[in-house]
Amino acid sequence: MRVTVDGTAVTPADGASVLDAVRAAGVELPSLCHDDRLSPAGSCRTCLVSCGGAVVAACVTPAADGAVIEVAAEEPRTLRREAVELIVSALPPYALDGGAEATELTRVCAALGIGPEAARGPAGRGVDDSHPYIRLDRDLCIACGRCVRMCAEVQGTFALTLAGRGFDTVVAPGTGGSWAGSDCVSCGGCVDSCPTGALTEPGLPLGARASIATRTRTTCGYCGVGCSLEVLTRDGEVAAVLPDRDGPVNRGHACVKGRFAHGFRRSPERLTRPLLRRGGRLEPVSWAEALDHVARGLREAVASGGPDAVAAISSARATNEENYLVQKFMRVAIGTNNVDNCSRLCHAPSAAGLTAAFGLSGGTDGFDDVERADCLLVVGANPVEAHPVIGARLLQRVLRGARLVVADPRSVGLARHADVHLRPRPGTNVALFHGLAHVLLAEGLIDEEFLRRRASGLPELTALLAGYPPERVAAVTGVPAADVVAAARLYGRAERPAIVYGLGVTEHLHGTDGVRALSNLAILRGAVGTERGYGVNPLRGQNNVQGASDMGALPDLLPGYGKVTDPAARARAETVWGVPVPARPGLRIPEMFAAARAGKLKALWIIGEDVCATDPDTTRVAAALEACPLVVCDELFLSETAERADVVLPVASWLEKDGTFVNFDRRFQRVRPALDPPGQARADFAVVHALAAALGVELGCRTPAEALAECGRLAPVFAGLSHERLDREGAIAWPCPDPDRPGQAKLYRERFATPDGRAHLAACPYLPPGETPDDRYPLILVTGRRWAHYNSGSMTRRTGNIRLDPDDRLDLHPADAARYGLREGEPVTVESRHGRAVLTTRISDETVPGQVFCAFHFPSSGVNSLTSGQADTVTSCPEYKVTAVRLGGGRCGR
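Since the structure is predicted, the reported quantities are computational estimates derived from the model, not experimental observations.

(A) Examining the overall build of the protein chain more closely. For the protein chain, the count of helices and strands is 30 helices and 36 strands. A globule of 894 residues ought to have a C-alpha radius of gyration of about 29 Å, and the protein chain, at 28 Å, matches this closely. For the protein chain, the spread of C-alpha atoms along the three principal axes comes to 85 × 70 × 70 Å. Within the protein chain, the fraction of its 894 residues that count as buried is 63%. Taking as baseline every contact in the protein chain between residues at least 6 positions apart, the subset at least 24 positions apart corresponds to 72%. Accessible surface computed for the protein chain: about 31,200 Å², of which carbon and sulfur atoms make up 50%. Both charge centroids of the protein chain, one from 97 positive and one from 103 negative side chains, sit 2 Å from each other.

(B) The arrangement of the sheet that holds strand β7 (residues 135–137) in detail. Reading across the sheet, the three strands line up as β6-β7-β10 and stay open at both edges, with antiparallel pairing between neighbours. Edge positions in the sheet fall to β6 (127–128) and β10 (199–200), since each has one partner strand and no second.

(C) Broad picture of the sheet that holds strand β18 (residues 375–379). Taken in spatial order, the five strands make up an open sheet running β20-β19-β18-β22-β23, and their pairing is parallel. If you trace the sheet from one side to the other, it starts and ends with β20 (420–422) and β23 (536–538), each paired once. Each neighbouring strand pair of the sheet contributes to a mean axis angle of 15°, computed without reference to strand direction. Pairing of β18 with strand β22 (residues 497–501) involves five bridges; the strand directions are parallel. Looking at β22, one finds that Leu 377 is bridged to Ile 499.

(D) Fine view of unusual backbone geometry. Here the residue pair Trp 734 and Pro 735 is connected by a cis peptide bond, since its omega of 5° sits within 30 degrees of zero. Topologically, Pro 735 is positioned in the loop between β29 (732–733) and β30 (759–760). With a phi close to 55°, Asp 235 is a non-glycine residue in the positive phi region. Note that Asp 235 resides in the loop between β12 (228–234) and β13 (237–243).

(E) Expanded view of the environment of Phe 853. Along the chain, Phe 853 falls in strand β35 (residues 851–855). By relative accessible area, which is 3% here, Phe 853 ends up buried. Each C-alpha atom, one on Phe 853 and one on Leu 691, is 42 Å from the other, the two residues being 162 residues apart in sequence. When residues no more than four places from it in sequence are discounted, the contact partners of Phe 853 are Arg 410, Leu 781, Val 782, Thr 783, Gly 784, Arg 785, Arg 786, Arg 809, Leu 810, Asp 811 and Thr 847.

(F) The nonpolar core, seen in detail. One finds Leu 298, Phe 329, Leu 376, Trp 605 and Phe 668 to be the most contacted residues of the largest nonpolar core, which totals 103 residues. Look past the residues within four positions of Trp 605 in its chain and what remains in contact with it is Ala 311, Ala 312, Ile 313, Phe 329, Val 632, Asp 634, Val 687, Val 688 and Leu 691. One finds Phe 433, Tyr 491, Ala 522 and Tyr 748 within the second-largest nonpolar core, a separate group that totals 57 residues.

(G) Summary view of the side chain of Ser 267. Position of Ser 267 relative to the elements: it lies in the loop between α7 (256–260) and β14 (275–278). Ignoring sequence-local partners within four residues, the contact set of Ser 267 consists of Phe 637 and Arg 798.

Definitions and cut-offs
- Residues numbered from 1 in each chain as written.
- Predicted model: local features only at pLDDT ≥ 70, side-chain atom pairs only at ≥ 80, totals over all residues.
- Heavy atoms only, no water.
- Helix = DSSP H or I, 4+ residues; strand = E, 2+ residues; numbered from the N terminus.
- Rg over C-alpha atoms; globule rule 2.2 N^0.38 Å.
- Buried < 20%, exposed > 50% of the residue type's maximum accessible area, 1.4 Å probe, protein only.
- Contact = heavy atoms within 4.5 Å.
- Areas by Shrake-Rupley, 256 points an atom, 1.4 Å probe, with all protein chains shown as cover.
- Lys, Arg positive; Asp, Glu negative; His and termini not counted.
- Charge placed at Lys NZ, Arg CZ, Asp CG, Glu CD.
- Pairing = 2+ DSSP bridges.
- Axes fitted to C-alpha atoms, helices over the stretch in contact; angles between N-to-C directions.
- Core = buried A, V, L, I, M, F, W, Y, C linked by side-chain atoms within 4.5 Å.

Below, the structure is given as structure tokens:
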């Protein structure tokens, strides 16, 4: 297609609008109701042009081959100016304050020569400043609808509407009332899209954003989505954080955490000096004294108990390079494999299950492919709250016609939009997945050619599945047999199905079996490693939980997943490091705590993890720390864990780090420091080097870039990656063995990475969960996340997010509330066989009778004192999703 714009020939893409063609010609054209991320509206009439002899709105008019478009002609130019003047005339004079670059509207007015005198409307419609992050000035609203469409078409919350008539039309929460009391999830999309300043971020007045010159592109340090962000800094502080319009995953969108929850950096509770315990109290000391104390304690631990008397818990909040250096420190400086990370508590079953089924520990497909699926099977995940940007993209795919099956005990998020919502009893996933597979086999909804050529284990699985007809599955799971059949047919008949799952699959006594049984569905359909589907894809919980494991911060695996028991893998590491690598796997996190309680572990280094708040059965975790002679903690704040440490080292947050993260779909992305750490705080990378130096050990790789390069020499799957390449090209997925070739977003196109090159079906029988309710503990508790907070809440609780979500609540069905005599907002005591917590009652039909739900964002509530020590039989991942509890408080028992 060729068109002419003011005499310039351009070739816009098929389906382009006249506005696209005008921009392709490099011609400026106002479009106050238009945002490239949204569907065109054509309501403001500021983009009028002449096309084919008629005056048209460029944003809603398709470009046609041979079209002659006139932008500079007098008639459309005059009409555009009049349209803008009409809009401005209804605004108060201050609408054009702040300079030409203050807002999109002021830029348009400056270009058209419209001065402040044109704004002569009244003021008085009022301001809504009830929300911590969004301020509405109704007098500046021009009813363009961009905010409303952003909320609907990108975020998918549908929280906003246009209210009123004529010039009195203004954006308003759809529920009425204040913005803070609305359904708004605080993604900030409306603020980013608003062209006039009607919606702004408090503390960032009109024009301030444009005047901030210091901008740093980095990757979000909250969940595992990996949103690309632009951090604006001024006077040594964060002024704003904006979603990167070119972000490969978030595409100019963000959530409340990445977009707004940066205030923790200014918290007076931020640690800025090392602390050393003396006389039972933590006191500030110099770095030299703190490091000397730690080094002396490590030497004493090794002298008394050998290298295996020392252990480290590395961090998914740390960069890849920091995780690489920590595991190298433990193996080279100490001589032990006792290193683990918090993937043990969430996605260790994913690594084990996906490796057994397909050969590698990551998801099988990039999310851009998953988003093309015509049927989505979302299992054990609530991405709308836990991974909001991905939840929004999945919802938009569903709203555009993809079929949706959700398997989750609660009716939340995407479940409200599902074609079929399966609500299994917690702990019965394996039976449910086998029921779906039974239907696929029984109705011939399998890819026999794929199974013959590229899979193994079908006879064994077929024999097992004979025992899982829908009726039996219904009896075990509580899911009606008809729903099992309907869900299986949707998935089985789709042309391009995809599976997305979360911690509701992994955090079980048989979590690895759950991952294997779920993977069976994709293998049976031939929907992995082909263009007939988009495989099996875990949603990682923390920002770098994938990368921490990729870098070898695991007791049995080296960087790139070479086994410590494999002589060839050890030889590669020994060649790079120049020292022997222990051949015996080290301790997992639960085993570290057990060894400490038994007196065998003499020193424990905990990096960025609040284990006394987030690990299960926290009473026993605290006992382990009390028993360990030396506990060292790298932290931002004096957490529950840090308060029990002997040495606390102040470290950098994600806003102050240099390195890389790996997101949930295996993309390496750069992390760049926008600011220096406060006070004497240091990056974990520097801390590891300093501690090694205190021990007289040289670790090499003096910079994060050198660390990633060294990792690539040890692990071929990362050999093609470097900071320089990531800076140049942006996000790159692993495997990436060649610096001159792209990474592999879609895996297994030719063969699987298993020893025989085939996908392995798993005939694992359903086994019951570790805990079951009884007369004393009649309810089942499921734990998870809420949208405003992140993990233990150490960062988000120290931001304006605390106004959006001020406490931990217990969700229970109205029937259970009536049974226990509980009212909305009342305190409720929750007791399990392991501990006790005090929460706030929230009555909701999101849960079914007999099941309750709570998050764990407020350590003071004691939620993880309730959870048990039951853990996945393969990986030791805790069974957070099934705890038998009883209720007290309120009018319970009266």
